[in-house]
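Analysis of the macromolecular model
One letter stands for each residue in the lines below.
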Amino acid sequence: MDIGIDLGTANTLLYARGQGIVLNEPSVVAMKEGGRTALAVGTEAKETIGRTPGSITAIRPLRDGVISDYEAAEEMIRHFVKKAVPGRRPRTRMVVCVPSGVTPVERRAIVHAAQRAGAKAVHLIEEPMAAAIGAGLPVAEPRGSMVVDIGGGTTEVAVISLGGIVTSQSLRVGGDRLDAAITDYVRKEHSLLIGERTAEDVKCAIGSAWPVPGDEELEERTFRIRGREKVRGLPKTLSLTTREVRAALDEPVESIIAAVKVTLEECPPELSGDVMEHGIMLTGGGALLPGLDLRMASATGIPVFVADDPLDCVVLGSGRCVEDFDGLQRVLTGA
């Protein structure tokens, strides 16, 4: 069984050859303190974040798109493959997506973790290339296509032509950084301490990067949160507004747009013309942030579009490679 894996900082998705997407779960492992045996993995483990006793630790094996805990990552991959493809099975070929800015050491860590989890062969594909393939961009044609993939740990910006990445930027800013920006804002402006899950709920409920025309309701929306007072240490409830959250997200959003501008500046003139004509494609969970496409279009003067299935583009791109190893061999690198 050949498998494509989007090994994301926030979520891991698996694509099985001939079956499509077979798994989508949080990249979290719950382990007993002092031991290296997983007590829970994925959705079940995410429920324990911020709520574990001292004897149990909820670990996110990937940070900024790369493996930060090798053993936990290996355990997580093994668990997900076993869950997605149950029963006895031969050792598999895996196509694993990696950020374009990973170092050779980080690449080897991903390959070794996949091999220990049961892969007989591991092929790596850079996330912006996988996202472009999954979004349906004509990556094999002699035409410049620009993709901005905003994941949980990284933002990948790339211009692609003739099956290769011409110029790219890998920015360690993504959904996690957006959540952290909300946490920092609430702590500084309201002296309230909140957890990462609460910050994520705020982002999903009322987060935005730009006022959205025709959605006046979003501008008036509020979201009640609970946390601990910074000074007295007592529980407290307060309401955040859409404008407050937009202000909190301004810095990381501007960092993403700056990376897009740098990539455009480094792009050959002929391909810049193609991008100007055909626009920029947004993929990843960050593409769902309301108003981000409008803000990016305003900053660059280029049309910006959100992919039909932004959350699944990367794993669908790896799936295309799984379905046609020979045809897409140019975009893969062997283990």
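Conventions adopted
Residues numbered from 1 in each chain as written. Predicted model: local features only at pLDDT ≥ 70, side-chain atom pairs only at ≥ 80, totals over all residues. Heavy atoms only, no water. Domains from an automatic or database assignment. Contact = heavy atoms within 4.5 Å. Buried area = accessible area lost by both parts, 1.4 Å probe. Salt bridge = Lys/Arg side-chain N within 4 Å of Asp/Glu carboxyl O. Helix = DSSP H or I, 4+ residues; strand = E, 2+ residues; numbered from the N terminus. Nonpolar A, V, L, I, M, F, W, Y, C, P; charged D, E, K, R; others polar. 1 Å grid on protein atoms, 1.4 Å probe; cavity = no way out; pocket = protein on both sides within 12 Å on 5 of 7 lines; lining within 4 Å. Points joined across faces, edges and corners; volume = space filled by probe spheres on them. Buried < 20%, exposed > 50% of the residue type's maximum accessible area, 1.4 Å probe, protein only. Pairing = 2+ DSSP bridges. Axes fitted to C-alpha atoms, helices over the stretch in contact; angles between N-to-C directions. Core = buried A, V, L, I, M, F, W, Y, C linked by side-chain atoms within 4.5 Å.

Splitting the chain by domain gives domain 1 (3-129 + 313-331), domain 2 (135-173 + 251-310) and domain 3 (175-248). Inter-centroid distance (C-alpha atoms) of domain 1 to domain 2 is 25 Å. Counting residues at the interface gives 17 residues for domain 1 and 22 residues for domain 2. At the boundary of domain 1 with domain 2, total buried surface from both sides reaches about 1,500 Å², with 56% on carbon and sulfur atoms. On the domain 1 side of the interface with domain 2, the three residues burying the most area are Pro128, Met129 and Cys313, jointly 41% of the side's total. At the junction of domain 1 and domain 2, the tally comes to one salt bridge. Note that Arg172 and Glu106 form a salt bridge whose closest N and O atoms lie 3.4 Å from each other. For the side of domain 1 that touches domain 2, the secondary structure elements donating two or more residues are α4 (127-134) and α11 (313-323). Looking at which element gives the most residues to the side of domain 1 that touches domain 2, the answer is α4, with three residues. Tallied by class, residues from the side of domain 1 that touches domain 2 come to eight nonpolar, four polar and five charged.

Another point: the layout of surface pockets. Empty space within the largest pocket amounts to approximately 990 Å³. Ala10, Asn11, Gly151, Gly152 and Gly285 are, among the 49 residues lining the largest pocket, the residues nearest its centre. If you list the elements that add at least two residues to the lining of the largest pocket, you get β2 (11-16), β3 (20-26), β11 (145-150), α5 (175-190), α6 (196-206) and α11. No other element matches the six residues that α6 contributes to the lining of the largest pocket. Residue composition of the lining of the largest pocket, grouped by class: 18 nonpolar, 15 polar and 16 charged.

Where charged atoms from two side chains of opposite charge approach closely, those side chains can pair. Under the definition given, this model contains 17 salt bridges. A salt bridge links Arg60 to Asp176, with the nearest nitrogen and oxygen atoms 3.3 Å apart. Of the two residues, Arg60 is situated in the loop between β6 (56-59) and β7 (62-63) and Asp176 in helix α5; the sequence distance between them amounts to 116 residues. Measuring nitrogen to oxygen at the nearest pair gives 3.5 Å for the salt bridge that ties Arg78 to Glu75. One end of the pair, Arg78, and the other, Glu75, are both in helix α2 (residues 70-84), three residues apart, so they sit about a helical turn from each other. Classification of Arg78 by relative accessible area gives partly exposed; the value is 30%.

Bringing the sheet that holds strand β14 (residues 192-193) into the picture now. Taken in spatial order, the three strands make up an open sheet running β14-β15-β16, and their pairing is antiparallel. The open sheet terminates on both sides in strands that have one partner only, identified here as β14 and β16 (235-241). Strands β15 (222-229) and β16 of the sheet are contacted by α6, whose axis makes an angle of about 165° with β15.

Strands sit in the order β13-β12-β11-β17-β18 across an open sheet of five strands; the sheet is mixed. Two strands close off the open sheet at either side, each with one partner strand: β13 (164-171) and β18 (304-306). Between one strand and the next, the sheet's axes are offset by a mean angle of 20°, whatever the strand orientation. Sheet analysis places β11 next to strand β12 (residues 155-161), joined by six bridges and oriented antiparallel. Bridge pairing in β12 links Ile150 to Thr155.

Here we come to the pairing of strand β4 (residues 29-32). Strand residues, when the strand is regular, have side chains that alternate between the two faces of the sheet. By the bridge criterion, three bridges tie β4 to strand β5 (residues 38-41) in an arrangement that is antiparallel. Residue pairing in the sheet places Ala30 in a bridge with Ala40 of β5. Sheet topology note: the β4/β6 ladder contains four bridges and is antiparallel. By the bridge assignment, Lys32 is partnered in β6 with Ile56.

Attention shifts here to the nonpolar core. Among the nonpolar cores identified, the biggest contains 37 residues, and Val148 and Ile280 are the most heavily contacted of them. Looking at this core, you find at least three residues from each of domain 2 (135-173 + 251-310) and domain 3 (175-248). Dropping the residues within four chain positions of it, Ile280 is found in contact with Met146, Val148, Val260, Val275, Met296, Thr300, Ile302, Pro303, Val304 and Phe305. In this structure, Val66, Val81, Ala84 and Ala117 belong to the second largest nonpolar core, which totals 33 residues.

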